[in-house]
Amino acid sequence: MKKIFLTLAAALVLVACSGTTGLKGELVGDYNAEIALPDTSEDDVAAQMAAAMLSQIKMEMNFQANGTVDIVRSMGENSNTAQAAWEVKADSLFIIEDSKTQSFQVCKTDDGFKLNGEEMSFVLTKK
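Residues numbered from 1 in each chain as written. Predicted model: local features only at pLDDT ≥ 70, side-chain atom pairs only at ≥ 80, totals over all residues. Heavy atoms only, no water.

Trainee: Lay out the overall build of the chain in plain terms, naming residues and giving numbers.
Mentor: Counting its regular elements, the chain contains three helices and eight strands. Each helix and strand of the chain, ordered N terminal to C terminal, gives the series α-α-β-α-β-β-β-β-β-β-β. Looking at the chain as a whole, 23% of its 127 residues qualify as buried. A separation of at least 24 residues holds for 38% of the contacts in the chain among residues at least 6 apart in sequence. Of the roughly 8,700 Å² of accessible surface on the chain, 56% is carried by carbon and sulfur atoms. (Helix = DSSP H or I, 4+ residues; strand = E, 2+ residues; numbered from the N terminus. Buried < 20%, exposed > 50% of the residue type's maximum accessible area, 1.4 Å probe, protein only. Contact = heavy atoms within 4.5 Å. Areas by Shrake-Rupley, 256 points an atom, 1.4 Å probe, with all protein chains shown as cover.)

In structure tokens, the structure reads:
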């Protein structure tokens, strides 16, 4: 009984000292990010054109345990890399880039996460 207690206590200490836990710990990593587009009507030509253009944007996000995220956006030969801050509160992710904060509700999927935001949503797939 004493050995079991000591083993459990040691395991708890390791988990408590491991740093990043919970959703924040799960998000740390390198992802392909795809813009999740809402369903559009076949009659809405402008929405169809916007969807076609947005589908050409390739994104990668690398969430680091130190609270930074590297975001690479590319379309054709053009590429842009930015670094932003990120934090998790409950089931929400906040990305702070150039003094602008975007908030997302985080939903876990089979192969990553779905980030649902007011302005746009993303599907993250682990690399």
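Still more ground to cover, so stick around.
Trainee: Give a description of the sheet that holds strand 4 (residues 78–89) that names residues and reports values.
Mentor: Strand pairing within a sheet occurs via backbone hydrogen bonds; the two strands may be parallel or antiparallel. Around the barrel, which closes on itself, the eight strands sit in the order 1-2-3-4-5-6-7-8 with antiparallel pairing between neighbours. When the angles between neighbouring strand axes are averaged without regard to direction, this sheet yields 30°. (Pairing = 2+ DSSP bridges. Axes fitted to C-alpha atoms, helices over the stretch in contact; angles between N-to-C directions.)

Trainee: How would you sum up the layout of surface pockets? Please name residues and give values.
Mentor: Of the pockets and cavities examined, the largest pocket occupies roughly 150 Å³. If you go around the largest pocket, the residues you meet are Ile35, Ile57, Met59, Met61, Ile71, Arg73, Ile95, Glu97, Gln102, Phe104, Met120 and Phe122. (1 Å grid on protein atoms, 1.4 Å probe; cavity = no way out; pocket = protein on both sides within 12 Å on 5 of 7 lines; lining within 4 Å. Points joined across faces, edges and corners; volume = space filled by probe spheres on them.)

Trainee: Go over the packing of aromatic side chains with me, naming the residues and quoting the values.
Mentor: In the structure shown here, the tally under the stated rule is four aromatic pairs. Between Tyr31 and Phe113, the ring centres sit 6.1 Å apart and the planes meet at 70°, which makes this aromatic pair edge-to-face. Placement of Tyr31 in strand 1 (residues 29–36) and of Phe113 in strand 7 (residues 112–117) is noted, with a sequence separation of 82 residues between them. Accessibility assignment for this pair places Tyr31 and Phe113 in one class, buried. Here Phe63 and Trp86 contribute two aromatic rings whose centre-to-centre distance is 5.1 Å and whose plane-to-plane angle is 80°, an arrangement assigned as edge-to-face. Of this pair, Phe63 sits in strand 2 (residues 58–63) while Trp86 sits in strand 4; the two residues are 23 residues apart in sequence, bridging distant segments of the chain. (Phe/Tyr/Trp six-rings, centres within 6.5 Å; stacked < 30°, edge-to-face > 60°.)

Trainee: Let's hear about the pattern of salt bridges: which residues, and what values?
Mentor: Inspection of the entire model under this criterion finds six salt bridges. For the salt bridge of Lys89 with Glu87, the shortest nitrogen-to-oxygen distance reads 3.4 Å. Glu119 is paired through a salt bridge with Lys100; the nearest N and O atoms lie 3.2 Å apart. A residue pair is termed long-range when its members are at least 10 positions apart, and Glu119 in the loop between strand 7 and strand 8 (121–126) and Lys100 in strand 6 (residues 100–109) qualify at 19 residues. For Glu119, a relative accessible area of 61% gives the class exposed. Connected via shared salt-bridge partners are Asp30, Glu60 and Lys127. (Salt bridge = Lys/Arg side-chain N within 4 Å of Asp/Glu carboxyl O.)

Trainee: Go over the confidence of the model for the chain with me, naming the residues and quoting the values.
Mentor: The predicted model of the chain averages 82 in pLDDT, with 81% of residues at 70 or higher. Note that residues 1–19 has pLDDT below 50 and, in this model, one contact with residues that lie over four places away or in other chains. (pLDDT = per-residue confidence, 0-100.)

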